[in-house]
Each structure stands twice: as structure tokens, then as C-alpha cells.
Amino acid sequence: MDENLDVFLADFGLDVCFGDVYTKGIFDMPDQNILSGNVSSTEYSLTFKTEVLPNLLSGNKIIVDAINYKIREVEKIGDGAFSRALLTKVRHPLFVRKF
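Residues numbered from 1 in each chain as written. Predicted model: local features only at pLDDT ≥ 70, side-chain atom pairs only at ≥ 80, totals over all residues. Heavy atoms only, no water.

*Asks:* Looking at this structure, how should I read the sheet that holds strand E7 (residues 67–77)?
*Replies:* One closed barrel accounts for 6 strands, arranged E1-E2-E5-E8-E7-E6; its pairing is antiparallel. In this sheet, adjacent strand axes meet at a mean angle of 45° when their direction is disregarded. Note that strand E1 (residues 14–18) and strand E6 (residues 61–64) share 2 bridges and pair antiparallel. Looking at E6, one finds that Cys17 is bridged to Ile63. (Pairing = 2+ DSSP bridges. Helix = DSSP H or I, 4+ residues; strand = E, 2+ residues; numbered from the N terminus. Axes fitted to C-alpha atoms, helices over the stretch in contact; angles between N-to-C directions.)

Here is the structure:
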């Protein structure tokens, strides 16, 4: 099963850095309508292998495709092999790391 997850992430994933851990993750940024549809907002999320980033917590900082984000919430998906983190884009650079 892990090999299938690795192939999926290799094919569709972006570079992710959390501390000293470098991996791949699936990044989504769909628009959502809020305030009765009067305002559109982007909902950033990252799907990743739970075993690679098991210690992600709300408030942590993470880099996805060389862009800084702050984690708002983390939840396991299905059987827990993957997790999803809801992110907030950080407007000012917190730190710089190149892949």
C-alpha cells in the first residue's frame, strides 16, 4: 500500500518542508463562497502521508512549493494513511528555505 501512496505523491505532489523533513504533498486551493455567497475566499489544504509528518499541529509553520503557510487544523482521512492540513497563507516571510 505504501508504494501506491508514494507513486501517487511522486506523480501529483508538490515539495513540502516541515522543519528538517522534506516530502511531497497534494496541495489544493479551491475557492469557497462565504457570507451567503457575497465573498469568495481561497481554502488552502495539503494532503500528505500521515507517517511522514505525524507531528503536524495547529499553529505549526510549513512550506509548500516554496510558499509559507501556517497550519490551522489537521485531520486524518479514511484509514489514516493520509491526513489533510488546512492552511493559511502567510503574507510576510517567516523563514526562507530553498529546495
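*Asks:* In this structure, what is going on with the environment of Glu75? I would like to understand it.
*Replies:* Take Glu75: it is sitting in strand E7. The class for Glu75 is partly exposed, based on a relative accessible area of 33%. Separated by 10 residues in sequence, Glu75 and Ala85 place their C-alpha atoms 6.5 Å apart. The residues contacting Glu75, other than those within four sequence positions of it, are Ser83 and Arg84. (Buried < 20%, exposed > 50% of the residue type's maximum accessible area, 1.4 Å probe, protein only. Contact = heavy atoms within 4.5 Å.)

*Asks:* What should I look at first to understand the packing of aromatic side chains in this one?
*Replies:* By convention here, two paired aromatic rings are described through the distance between centres and the angle between planes. A full pass over the atoms with the stated rule returns 5 aromatic pairs. The interplanar angle of 20° and the centroid separation of 6.0 Å between the aromatic rings of Phe27 and Tyr44 together place this pair among those described as stacked. Taken as a pair, Phe27 in strand E2 (residues 21–28) and Tyr44 in strand E5 (residues 44–49) lie far apart in primary sequence, 17 residues in all. Here Phe27 and Tyr44 have matching classes, each one buried. Their ring planes at 50° and their centres at 5.4 Å tell us that Phe27 and Tyr69 sit as a pair that is tilted. (Phe/Tyr/Trp six-rings, centres within 6.5 Å; stacked < 30°, edge-to-face > 60°.)

*Asks:* Mind showing me how you'd approach the nonpolar core here?
*Replies:* What tends to happen in soluble globular proteins is that the nonpolar side chains get buried as a cluster. Ranked by internal contacts, the top residues of the largest apolar core, which has 14 residues, are Leu46, Leu56, Ile62, Val64, Tyr69 and Leu87. For this core, the secondary-structure elements that each account for two or more residues are E1, E5, E6, E7 and strand E8 (82–89). Looking at this core element by element, the count peaks at 3 residues for E5. Contact partners of Tyr69, with chain neighbours within four places excluded, come to Phe27, Tyr44, Asn60, Lys61, Ile62, Val64, Leu87, Thr88, Lys89 and Val90. (Core = buried A, V, L, I, M, F, W, Y, C linked by side-chain atoms within 4.5 Å.)

*Asks:* When you look at unusual backbone geometry in this model, what are you seeing that I'm missing?
*Replies:* What you tend to see is this: most non-glycine residues have negative phi, and most peptide bonds are trans. Non-glycine residue Asp65 carries a positive phi angle of around 50°. Secondary-structure assignment places Asp65 in the loop between E6 and E7. One non-glycine residue, Ala66, adopts positive backbone phi at about 70°.

*Asks:* Would you take a moment to explain the pattern of salt bridges for this structure?
*Replies:* Oppositely charged side chains can pair when the atoms bearing their charge come close. Counted by the stated rule, this structure contains 5 salt bridges. Measuring nitrogen to oxygen at the nearest pair gives 3.0 Å for the salt bridge that ties Lys24 to Asp15. Residue Glu43 pairs with Arg72 through a salt bridge whose shortest N-O separation is 2.8 Å. Of this pair, Glu43 sits in the loop between strand E4 (39–42) and E5 while Arg72 sits in strand E7; the two residues are 29 residues apart in sequence, bridging distant segments of the chain. Among the residues examined, Glu43 registers a relative accessible area of 17% and is labelled buried. (Salt bridge = Lys/Arg side-chain N within 4 Å of Asp/Glu carboxyl O.)

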